Amino acid sequence: MIKASAYTFKILRYDAQDPESTPRFASYRINVIPGLTVLAVLNRIRDEIDGTLAFRSSCRSAVCGSCAMVINGKLDLACRTQVSAFNTDTIILEPLPNFEVIRDLVVDMTPFWRMYDKIQPYLIRHSPVPEKEILQSEAERLRIDQYVNCILCACCYGACPVLAREPDYIGPAAAAKLERFVLDSRDERPAGALEILNDEKGVWACDTLFRCIDACPKEVRPTDAIVGLRKAIVKNRFQKMLGKAKDEA
Ligand code: SF4
């Protein structure tokens, strides 16, 4: 018989719609069998103990990214985090930092999507539409491999110290997505498209502390993307200057 162990779940509760509400931890004592995830426990609390508990979830398979939260101080997906992974019987759950809380563990993702939209997160082509799909070599696919894995969970956004002080910073996820398309052999966006991130709220704002890399549950390295975009911006600048000098000669 599988033995269950008792855990205390402390969940930060708050309702932005309720003027009387102030952030407070609510405690729930739950028996958990080995292998149970934090998301499974949250579902149990909501279904059996407190139907007002608010959190997001969908796929339960670390694919949709909707159940990102802070679990015992670490940003992660509730669906892929097993309760027994912690060396403690107290699990503290908090909403993602750097976002306004709507209710409990649900945050307002609007700023995240605004930045994402800004970088035009899709293939841009000017060539005539081909009759067949555009094939990529293995090497071409490998260049974008890590960035394709991004599930837009916003863990990197929540972990970013720059966003904590500068909410208009483009953020690691949007930068990683732009690099994904810049490196894609099928994309034809002009070099000038990178200029959107060429300022103090773009790629130059990054402190290069690698917190986004530590937080990413899909092993994406947004800092690599930021460094890659910085290099591309500088290279484009030089090419433009040299091209201009040539024209003037
Ligand atoms: Fe989530 Fe990683 Fe994508 Fe950031 S880069 S949104 S942490 S999957």
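Residues numbered from 1 in each chain as written. Predicted model: local features only at pLDDT ≥ 70, side-chain atom pairs only at ≥ 80, totals over all residues. Heavy atoms only, no water.

## Thoughts on the overall build of the protein
So, step 1. Tallying secondary structure elements over the protein gives eight helices and seven strands in all.
So, step 2. Along the longest, intermediate and shortest principal axes, the C-alpha atoms of the protein span 80 × 40 × 30 Å.
So, step 3. Expressed as a percentage of contacts within the protein between residues at least 6 apart in sequence, the contacts between residues at least 24 apart total 65%.
So, step 4. Split by element, the accessible area of the protein, about 13900 Å² in all, is 52% carbon and sulfur.
So, step 5. Charged side chains of the protein number 34 positive and 33 negative; the gap between the two group centres comes to 3 Å. (Helix = DSSP H or I, 4+ residues; strand = E, 2+ residues; numbered from the N terminus. Contact = heavy atoms within 4.5 Å. Areas by Shrake-Rupley, 256 points an atom, 1.4 Å probe, with all protein chains shown as cover. Lys, Arg positive; Asp, Glu negative; His and termini not counted. Charge placed at Lys NZ, Arg CZ, Asp CG, Glu CD.)

## Observations concerning the domain arrangement of the protein
So, step 1. Looking at the assigned domains, one finds that the protein contains domain 1 (5-107) and domain 2 (110-248).
So, step 2. Relative placement of domain 1 and domain 2: their C-alpha centres are 31 Å apart.
So, step 3. Facing the 13 residues of domain 1 at the interface are 14 residues of domain 2.
So, step 4. Across the domain 1 to domain 2 interface the summed buried area is about 1000 Å²; carbon plus sulfur atoms make up 61%.
So, step 5. Of all residues in domain 1, Leu 75, Asn 98 and Phe 99 give up the largest surface area on contact with domain 2, accounting jointly for 50% of the area buried on that side.
So, step 6. Our enumeration of links across domain 1 and domain 2 arrives at zero salt bridges.
So, step 7. Counting every contact that joins domain 1 to domain 2 gives five residue pairs in polar contact (both at pLDDT 80 or more).
So, step 8. Take the side of domain 1 that touches domain 2: its biggest share by element is three residues, from strand 4 (residues 74-77). (Domains from an automatic or database assignment. Buried area = accessible area lost by both parts, 1.4 Å probe. Salt bridge = Lys/Arg side-chain N within 4 Å of Asp/Glu carboxyl O. Polar contact = N/O pair within 3.5 Å; in protein donor to acceptor, adjacent residues only side chain to side chain.)

## So, the pairing of strand 4
So, step 1. When strand 3 (residues 68-71) meets strand 4, the two strands line up antiparallel, connected through four bridges. When the bridges of strand 4 are listed, Ala 68 appears paired with Leu 77. (Pairing = 2+ DSSP bridges.)

## Here's the deal with the side chain of Arg 189
So, step 1. Along the chain, Arg 189 turns up in the loop between helix 6 (172-182) and helix 7 (211-215).
So, step 2. Among the polar contacts made by the side chain of Arg 189, one reaches the main-chain carbonyl oxygen of Tyr 122 at a distance of 2.6 Å.
So, step 3. At 2.8 Å, the side chain of Arg 189 and the side chain of Asp 187 are in polar contact.
So, step 4. Not counting residues within four places of it along the chain, the set of residues in contact with Arg 189 comprises Ile 119, Gln 120, Tyr 122, Ile 124, Leu 178, Phe 181 and Val 182.

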